Amino acid sequence: MTTQQLIEQIKIKKSFLCVGLDVDLNKIPQHLLELEDPIFEFNKAIIDATHDLTVSYKPNTAFYEAYGIKGWISLQKTINYINENYPEVFTIADAKRGDIGNTSSMYAKAFFEDLNFDSVTVAPYMGKDSVEPFLAFENKHTIMLALTSNEGAFDFQTLNVSDSLGGKELYKQVLETSKSWKNSENLMYVVGATKAEYFTEIRKIVPDSFLLVPGVGAQGGSLSEVCKYGMNANVGLLINSSRGIIYASNGTDFAEKAREEALKMQQQMEEIISLKFKV
Ligand SMILES: O=C(O)c1cc(=O)[nH]c(=O)n1[C@@H]1O[C@H](COP(=O)(O)O)[C@@H](O)[C@H]1O
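Definitions and limits used
- Throughout this description, residue numbers start from 1 for each chain and increase along the sequence as written.
- A pLDDT threshold of at least 70 governs which residues receive local features in this predicted model, and a stricter bar of 80 or more applies before side-chain atom pairs are shown or counted, although totals over entire chains, interfaces and linings include all residues.
- Processing note: side-chain calculations cover all non-hydrogen atoms of the structure and skip hydrogens and water entirely.
- Secondary structure elements are taken from DSSP: a helix is a run of H or I of four residues or more, a strand is a run of E of two residues or more, and numbering for both begins at the N terminus.
- A simple rule labels every residue: compare its accessible area, found with a 1.4 Å probe on the protein chains alone, to the largest value its type can have, and call it buried under 20%, exposed over 50%, or partly exposed in between.
- We call two residues in contact when some of their heavy atoms are within 4.5 Å.
- Working definition of accessibility: Shrake-Rupley area with a 1.4 Å probe, residue cover restricted to the visible protein chains.
- In summary, the charge assignment counts Lys and Arg as positive and Asp and Glu as negative, without counting His or the chain termini.
- The location of each charge is read from NZ of Lys, CZ of Arg, CG of Asp or CD of Glu.
- Put simply, a salt bridge is a Lys or Arg side-chain nitrogen that is within 4 Å of an Asp or Glu carboxyl oxygen.
- Near is defined per residue: the residue qualifies when any heavy atom it owns lies within 4 Å of the molecule or strand.
- Throughout this description, a polar contact denotes any pair of N or O atoms lying within 3.5 Å of each other; where both atoms belong to protein, one of them has to be capable of donating a hydrogen while the other can accept it, and for residues adjacent in sequence the pair is counted only when both atoms sit in side chains.
- Each residue is assigned to one class: nonpolar for Ala, Val, Leu, Ile, Met, Phe, Trp, Tyr, Cys and Pro, charged for Asp, Glu, Lys and Arg, and polar for all the others, Gly among them.
- A patch consists of residues whose relative accessible area exceeds 30% and which take part in no salt bridge; residues with like charges are grouped when within 9 Å of each other, and nonpolar side chains (Val, Leu, Ile, Met, Phe, Trp, Tyr) when within 5 Å.

**Quick word on the overall build of the protein**
Within the protein one finds twelve helices and ten strands. Its C-alpha atoms give the protein principal-axis dimensions of about 60 × 45 × 35 Å. Across the 279 residues that make up the protein, the buried fraction comes to 53%. Expressed as a percentage of contacts within the protein between residues at least 6 apart in sequence, the contacts between residues at least 24 apart total 73%. For the protein, the exposed surface amounts to about 12,500 Å²; the carbon and sulfur share of it is 51%. Counting 27 positive and 36 negative side-chain charges, the protein places the averaged centre of each group 4 Å from the other.

Here is the structure:
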């Protein structure tokens, strides 16, 4: 999917929601466990109930890898189901990969070619040659960690580093340096919703890029604060919520309740869009 197509979907749906499909067999309705593939059945019900309210789905691959080969098959069935039934939705493999060049190329093939996701999350720690293999894929997007939502983000990401330009915080250097990489127009960045006060500075470095923003809902980040400082002329944000939506109920009404939570977020987004763009 192109960035322009994503922007069109945000306009059509008046939403910049990303529903996280982080499926934990201990948390899903127990009646699903009797089915052959409970993870896929859970996802299918959530996707059917929310696809008109969200512009993106983000399965975190850890939640599938934890169940071995069966989990990987559930992931494959989930992405195929989205691509066949709702091809307008932007898909994110939240896998946080990144390795030496030839290994990164294999990761990129796995997520972009074999599974056919639109994007994958990547950690920047190994630098340019670990990220550029992902960027080589046309109309695929690499979402690089910049300033994450967790407490440990302060261990390294906000420390000052020195380079020829003088000292700056590591996450700023990551953003700045990545702009010079080949095909950097295929980059998006992760910025945690719990770090809303940093968005103004981040927008000075990457004014036009899309930011994937996890951390609202269960982690306590504020949608309105993020939008106040992080939105650009194309909205430029994908706000993720996983547990806050998919585990709204663990009864037989789980999909309906997930829709209600997604609708609440979509309505807030619609209001924010209409105030910002006076539509
Ligand atoms: O890359 C991510 O998606 C991510 C980055 C980050 O800084 N913080 C973060 O929570 N995430 C992911 O976003 C999701 C958040 O889930 P909830 O807290 O349940 O909404 C999980 O899949 C996390 O792994």
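Resuming the write-up.
**Some details on the pattern of salt bridges**
A pair can form between side chains of opposite charge whenever their charged atoms are brought close. Tallied over the entire structure, the rule returns 16 salt bridges. One salt bridge in this structure joins Lys-109 and Glu-113, with 3.4 Å as the shortest N-O distance. With Lys-109 and Glu-113 both in helix 5 (residues 101-114) and four residues apart, the pair spans about one turn of that helix. Take Lys-109: its relative accessible area is 38%, and that puts it in the partly exposed class. A salt bridge links Lys-172 to Glu-169; the nearest nitrogen and oxygen atoms lie 3.3 Å apart. Taken individually, Lys-172 and Glu-169 each receive the classification buried, so the pair is uniform in this respect. Connected through salt bridges with shared partners, the residues Glu-169, Lys-172, Glu-201 and Lys-204 form a single ionic network.

**Re the site of the ligand**
Lining the immediate surroundings of the ligand are 16 residues, of which Asp-22, Ser-149, Gln-219, Ser-242 and Arg-243 lie closest. Within the contact set of the ligand, an oxygen atom lies 2.8 Å away from a side-chain nitrogen or oxygen of Gln-219. Ser-242 is positioned with one of its backbone polar atoms (N or O) 2.9 Å from an oxygen atom of the ligand. For the ligand, whose unbound accessible area comes to 510 Å², protein coverage reaches 89%. Listing elements by their share of the shell around the ligand, those giving two or more residues are strand 3 (90-97) and strand 10 (237-241). Residue composition of the shell around the ligand, by class: four nonpolar, seven polar and five charged.

**Points about a nonpolar patch on the surface**
Taken together, the side chains of Ile-100, Tyr-125 and Met-126 present a nonpolar region at the surface, about 390 Å² in accessible area. You can see Met-126 is positioned in the loop between strand 4 (119-122) and helix 6 (128-135). Residue Met-126 is classed as partly exposed on the basis of its relative accessible area of 41%.

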